[in-house]
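# Report on the structure
Here is what each chain is made of, one letter per residue.
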Amino acid sequence: MGDLYGVGWGRGILLAVLGGPVFSIISFAGLLLVPLGHGGVIQPACATLGGLLLATFLLGEKFLVTRAIGALIIVCGLSVIGAEAVTTIGVHGIAGDLMFVLTGLMFATFGALLRLWHIAAIPATAVISVLSLFGTPVHWALGGFDHMIALGWRENLLQVVLQGVVAGPVATYLFVRTVALLGAGRAAVFPALVPPFVLLIGWLALGEVPTALQLIGLVIVLLGFRLAQRAM
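Below is a short write-up of the structure. (Residues numbered from 1 in each chain as written. Predicted model: local features only at pLDDT ≥ 70, side-chain atom pairs only at ≥ 80, totals over all residues. Heavy atoms only, no water.)

Quick look at the overall build of the protein now. Per the secondary structure count, the protein includes twelve helices and zero strands. N-terminal to C-terminal, the α/β element order of the protein is α-α-α-α-α-α-α-α-α-α-α-α. Relative to its length of 232 residues, the protein is compact, with a C-alpha radius of gyration of 18 Å against a globular reference of 17 Å. Dimensions along the principal axes, computed over C-alpha positions, put the protein at roughly 45 × 45 × 30 Å. Here the protein, with 232 residues, has 40% of them falling under the buried criterion. Long-range pairs, those at least 24 residues apart, make up 84% of the contacts in the protein with a sequence separation of at least 6. Only carbon and sulfur atoms are counted for the fraction: they give 75% of the accessible area of the protein, which is about 12400 Å². Side-chain charges in the protein split into 9 positive and 7 negative, and the spacing between the mean points of these groups amounts to 21 Å. (Helix = DSSP H or I, 4+ residues; strand = E, 2+ residues; numbered from the N terminus. Rg over C-alpha atoms; globule rule 2.2 N^0.38 Å. Buried < 20%, exposed > 50% of the residue type's maximum accessible area, 1.4 Å probe, protein only. Contact = heavy atoms within 4.5 Å. Areas by Shrake-Rupley, 256 points an atom, 1.4 Å probe, with all protein chains shown as cover. Lys, Arg positive; Asp, Glu negative; His and termini not counted. Charge placed at Lys NZ, Arg CZ, Asp CG, Glu CD.)

Structure below.
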C-alpha cells in the first residue's frame, strides 16, 4: 500500500481518472446528448489523434509525413460528424461531441503515460480497479442505489458482467498489454475497430440507423486510421 503496488499513489490516481470512472461518466453522459454514432466515431478518432501526438512529442517516437496526413484526414472526418451536431442537433449536440473529444484525449493520455512510466498490465489493471471502488460512496452520497435496485437483478448482473468485467479490468488489461507490446502510437490506432462495430451494433440492437453524414464521416475517419497505421 505504501507505493500502491509499485505504481505510486500520484500516478495511480491520475491513471484512474484518465481510464477509470471519471472517463466512463463523461463518456456515458455524452451518449445522453448525441446519437450513438457520434460517440462511436469521435471518441476513438480523438484517442488516435491524441495518441499520435503524444507518441511523437512526449515519447519521442518517430514522426512520419504519412502519419500527419492520416491525422489531418481524421480531423476532416470529425468535422463532417461535427457539422451534423451543429446543423441538426443544436447546442447540446455540440456539448456531447466535445465530451467525446475530451474522453478520447483522456484515453490517449492514459496510454501514453503507461508507456512513459513503463507500467505493466497487471499492476495498472489492479490499481485502477481498486481505486475505482472509491467512486461507490460518492455515487451513494449523490444519488443512492434505489434506481439500480428497481431495475432488478438481471439488468444489474448484465451491467456487472459487461461494464464491471468485460469493459472494465479485461479491457484495461488488454489495452495496457497492447501498449507495452506495440508502443503508444501504434496501440492508439487500434480504436479504428470501434466506429464500424458501434454503428453496426447500434443499428442491429438499438435500431439507430446511421445518418448519411455519420457514414461519410466514418469512411473519412477510417481512411485516416489506415494511413496512420501504415506509417508505423
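For the rest of this paragraph, the subject is the packing of aromatic side chains. A full pass over the atoms with the stated rule returns two aromatic pairs. Measuring from ring centre to ring centre gives 5.8 Å for F23 and F107, while their planes differ by 35°; the resulting arrangement is tilted. With F23 in helix α2 (residues 21–31) and F107 in helix α5 (residues 91–117), this pair connects stretches of sequence that are 84 residues apart. Relative accessible area serves as the criterion here: at 13%, F23 is assigned to the buried category. Overall, F107 belongs to the partly exposed group, its relative accessible area being 22%. Joined through ring pairs, the aromatic side chains of F23, F107 and F110 make up one cluster. (Phe/Tyr/Trp six-rings, centres within 6.5 Å; stacked < 30°, edge-to-face > 60°.)

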